[in-house]
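Listed below, chain by chain, are the residues.
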Amino acid sequence: MTSQEAPGPRDVAVVAFAQSDHRRSTEDSSEVEMLMPVLHEVLARTGLRTADIGFTCSGSSDYLAGRAFSFTLALDGVGAWPPISESHVETDGAWALYEAWTKLLTGDADTALVYSYGKCSPGSVRDVLTRQLDPYYVAPLWPDAVALAALQAQALVDAGHTDEPALAAVGARSRADATANPHAQLKGEVPQGDYVVRPLRTGDCPPVGDGAAAVILAAGDRARELCARPAWIRGIDHRIEAHALGVRDLTDSPSTRLAATRAGAFERPVDTAELHAPFSSQEVILRNALGLDDSVCVNPSGGALAANPVMAAGLIRIGEAAARIHRGASDRALAHATSGPCLQQNLVAVLEGDPR
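None of the values given here were measured: they were computed from a predicted structure. (Residues numbered from 1 in each chain as written. Predicted model: local features only at pLDDT ≥ 70, side-chain atom pairs only at ≥ 80, totals over all residues. Heavy atoms only, no water.)

Enquirer: Quick one: what's the story with the sheet that holds strand β12 (residues 345–352), residue by residue and with numbers?
Expert: Overall, mixed pairing links the 10 strands, which are arranged β3-β2-β4-β7-β1-β8-β12-β11-β9-β10 in an open sheet. Edge positions in the open sheet fall to β3 (86–89) and β10 (297–298), since each of these has one partner strand only. (Pairing = 2+ DSSP bridges. Helix = DSSP H or I, 4+ residues; strand = E, 2+ residues; numbered from the N terminus.)

In structure tokens, the structure reads:
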């Protein structure tokens, strides 16, 4: 452009969020049947039809389904005819949202549908997740996700950063907050119970369950047309730790801190933080990495300790944070998603509502 300045980046917002009721098992329904009510609900919140969506992106894992290209079956719930612009990521739906966000920034679309789902009940998710470990030195030992999280928790205890009563308090607060969440799988008082893997007890670990979630993104004026108070994505970034657990300090999460910095999380305080912390010890690490004090409302939905559908729990954190902005319960919120063992990959998004 010669006589005018080039336009700045587009403003993109979450304008709708929906999720399923998370249950221990949905053996009576397929992934498509579990997903379709969520898709219908999120579209109904905006009045959009499938044909109105400019881009569709999903997140899931073939390993959970036990068959290759299982995500193509889920497209039956969206409706892929007439042909649609569609993509898929083999990870949590939070990363699908990141792809959709970049798509809207380019101007190629004004709206995007993002969804993710996970059915953990058909098999042993603890064993399935070992397949993401180093295939030569670690995976053959079959250390499951809980055992690795316990190593991380014990490192925290040994370093003096927490203790078992403090971890129990995290779990108790999460389950208590979940009583106000109609979609949560676990609510209210949950006995700590026996050790699952020391020092983690039952209350320190996430439930195994099935669930799905979906959000709609929209850009600029289109977002204000579809939502009375859009949750604007002011920044989003994701980073990754080294794959080898032995070269990492498991008591810290520098990738979370870096992602938060690049997303602008430290520019101004946030009032809400939805953290994807499947284990109570991981909330301790994330709070420290993000500099969250007691003035911040952390996981008012109950978080992943109340419902942890693998491949959807991270997207739910973004959706829950956005929903609080939609209804006026928050003005500036931080949402976090993780993937991989011991907080290996971390995504941070900062959401804001229009001034009131």
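Enquirer: Account for the packing of helix α9 (residues 254–263) against helix α10 (residues 280–290), naming residues and giving values.
Expert: Contact geometry of α9 with α10 gives a least axis separation of 9 Å together with a crossing angle of 40 degrees. Relative to α10, the element α9 is oriented oblique. At the point where α9 passes α10, the crossing takes the right-handed sense. Contacts between α9 and α10 involve Thr 256, Arg 257 and Ala 260 from the first element and Leu 286, Asn 288, Ala 289 and Leu 290 from the second. (Axes fitted to C-alpha atoms, helices over the stretch in contact; angles between N-to-C directions. Parallel < 35°, antiparallel > 145°, perpendicular 65-115°, else oblique. Left-handed = near helix turned anticlockwise from the far one by under 90°. Contact = heavy atoms within 4.5 Å.)

Enquirer: Could you give an account of the packing of helix α7 (residues 164–177) against α10, with specific residues and numbers?
Expert: To describe two helices that pack against each other, one gives the angle between their axes and the distance between the axes. Between α7 and α10, whose axes approach to 8 Å, the crossing angle comes to 95 degrees. With respect to each other, α7 and α10 are oriented roughly perpendicular. Between α7 and α10, the contacting residues are Leu 167, Val 170, Gly 171, Arg 173 and Ser 174 on the first element and Ser 280, Ser 281, Glu 283, Val 284 and Arg 287 on the second. Considering only residue class, the contact of α7 with α10 consists of 3 nonpolar, 4 polar and 3 charged. (Nonpolar A, V, L, I, M, F, W, Y, C, P; charged D, E, K, R; others polar.)

Enquirer: Run through the state of the cysteines, naming residues and quoting values.
Expert: In the structure shown here, the tally under the stated rule is 0 disulfides. Of the cysteine sulfurs around Cys 205, a residue in no disulfide, the closest is that of Cys 342, at 12 Å. Given a relative accessible area of 7%, Cys 205 falls into the buried group. (Disulfide = S-S within 2.5 Å. Buried < 20%, exposed > 50% of the residue type's maximum accessible area, 1.4 Å probe, protein only.)

Enquirer: Provide a residue-level description of unusual backbone geometry, including the pertinent values.
Expert: A cis geometry characterises the amide bond from Arg 198 onward to Pro 199, with omega recorded as 10 degrees. Summarising the element assignment, Pro 199 is placed in the loop between β5 (195–197) and β6 (200–201). At Trp 142, a residue that is not glycine, the phi angle is positive and equals roughly 55 degrees. Secondary-structure assignment places Trp 142 in the loop between α5 (125–128) and α6 (145–158). One non-glycine residue with positive phi stands out, namely Met 311, at about 80 degrees. Structurally, the position occupied by Met 311 is in the loop between β10 and α11 (313–326).

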